[in-house]
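Chains, contacts and geometry: an overview
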Amino acid sequence: MNQQSTRIDNESHASDKSLRVYHVVYEPTFKSIIFHHWTECNLKCLGCYCKVEKLDFSLLPDWQARVATNPPEKPPEKLLSLDEALAMTDALDIERAIFIGVEPSLDPGMPVLAREMKQRHKTYNILFTNGVFLTDISSIDEIIFSIKAVSPERYHEYTAGDNRKSLANFRKIYQMGKKLQAEITLIPGVIDADEIEKVAEFIASVDPDIPLRITGFIQLSGMKFRAPSGAEVEAAAALAKKHLKKVNYLSGEMPRVGEPPIRLF
Ligand code: SF4
């Protein structure tokens, strides 16, 4: 796969390489560094946790209570330059770099940071994205793709967007040979189990070996939607398993594993 084939659209992003990282966390147990990006997201998801909590949840034992009660977050006061972000990594043993936050694919500096991390630390690079905009992923090894919904009206209701680009990009990323995982949130009354089965059918039409992770919605301040029960998440997973070989699911509390994470910025 040459570099050209993974560099896509958007001239304005390509011409501006400034970085939009506002928060960095290191997980010593997993030798992972997590870069949180802050951009103008191209979607307006009803269940967007970034709008009520900017800190990495691994730092917050009470994150569920915080997202249920926090007022909307303000934009970060400081963004790191590429040199500042890389300087934080110098003395660390890092095997994995994770690019996450408010749509990291829209950060024009993300591909440069990913390339530098790979060159300096030989990292395995993982990008979390909504997939609406396909940036330069030549230095990304794995994509965690948040599909949201496949039915156009459901997708629009949840994100105020149009899912044609993201579904096309899902196929494109797969065809590029990148490791790909899908994720979706079960939100009773918005993204129900029947929609999750349709998402599973779509993924299976690309490759039934692509893993799907189903997450139960966590109560969010200002949102009327409720969290699903564990049984509801399990039932949605059972429908998805009719079409896909690898389905896992999370509902509610995730037990913390390993040493405490370290906030670098
Ligand atoms: S795509 Fe992600 S960052 Fe953007 S609104 Fe949705 S949840 Fe928030």
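Residues numbered from 1 in each chain as written. Predicted model: local features only at pLDDT ≥ 70, side-chain atom pairs only at ≥ 80, totals over all residues. Heavy atoms only, no water.

What follows deals with helix H5 (residues 152-159). Restricting attention to buried positions, one finds in H5 the residues Tyr155, Tyr158 and Thr159. Projected down its long axis, H5 shows its buried positions confined to an angular sector of 80°, all on one face. Against the buried residues of H5 lie helix H6 (164-175). Just beyond H5, the residue with positive phi is Ala160, at close to 65°. (Buried < 20%, exposed > 50% of the residue type's maximum accessible area, 1.4 Å probe, protein only. Helix = DSSP H or I, 4+ residues; strand = E, 2+ residues; numbered from the N terminus. Arc of directions from axis to C-beta. Contact = heavy atoms within 4.5 Å.)

Along the chain, Thr89 turns up in the loop between helix H3 (82-87) and strand E3 (96-101). Given the relative accessible area of 0%, Thr89 is considered buried. With 116 residues separating them in the primary sequence, Thr89 and Ser205 have C-alpha atoms 40 Å apart. Within the structure, Thr89 has its side chain in polar contact with the backbone oxygen of Leu86 (distance 2.6 Å). (Polar contact = N/O pair within 3.5 Å; in protein donor to acceptor, adjacent residues only side chain to side chain.)

Near the ligand you find Cys41, Leu43, Cys45, Cys48, Val102, Glu103, Asn130 and Lys148, and these make up its full shell. In the shell around the ligand, the residues fall into five nonpolar, one polar and two charged. (Near = heavy atom within 4 Å. Nonpolar A, V, L, I, M, F, W, Y, C, P; charged D, E, K, R; others polar.)

Bringing the pairing of strand E7 (residues 212-216) into the picture now. Side chains Leu212, Ile214 and Gly216 project from E7 onto a buried face, and the interleaved Arg213 and Thr215 project onto a face without burial. Where strand E6 (residues 179-186) lies against E7, five bridges are found, and the strand directions are parallel. When the bridges of E7 are listed, Thr185 appears paired with Thr215. The handedness of the E6 to E7 crossover, carried by helix H7 (residues 193-206), is right-handed. Strand direction decides the pairing type here: E7 and strand E8 (residues 247-250), joined by four bridges, are parallel. (Pairing = 2+ DSSP bridges. Right-handed = clockwise from strand over helix to strand, strands pointing away.)

Between H7 and helix H8 (residues 230-241), the least distance of the axes is 8 Å, while the angle of their chain directions is 30°. In terms of orientation, H7 and H8 fall into the roughly parallel class. Crossing handedness for the pair H7 and H8: right-handed. Of the residues in H8, those in contact with Ala193, Ile196, Glu197 and Ala200 of H7 are Ala236, Leu239 and Ala240. In terms of residue class, the contact of H7 with H8 is made up of six nonpolar, no polar and one charged. (Axes fitted to C-alpha atoms, helices over the stretch in contact; angles between N-to-C directions. Parallel < 35°, antiparallel > 145°, perpendicular 65-115°, else oblique. Left-handed = near helix turned anticlockwise from the far one by under 90°.)

On to H8, then. In this model H8 runs 16 Å from its N-terminal to its C-terminal C-alpha over twelve residues, within 8% of the 16 Å that 1.5 Å per residue would give. As for H8, its buried residues are in contact with E6, H7, E7 and E8. (Expected span 1.5 Å × (residues − 1).)

What follows concerns the nonpolar core. It is characteristic of soluble globular proteins that their nonpolar side chains tend to be buried jointly. With 66 residues, the main nonpolar core has Phe35, Phe99, Leu113, Ile147, Phe170, Ile203 and Ile214 as its most contacted residues. The element best represented in this core is H7, accounting for six residues. For Ile203, the contacting residues outside a window of four places in its chain are Ile147, Phe170, Ala182, Pro208, Ile210, Leu212 and Leu244. Counting five residues, the second largest nonpolar core, distinct from the first, contains Val25, Ile34, Ile98 and Ile126. (Core = buried A, V, L, I, M, F, W, Y, C linked by side-chain atoms within 4.5 Å.)

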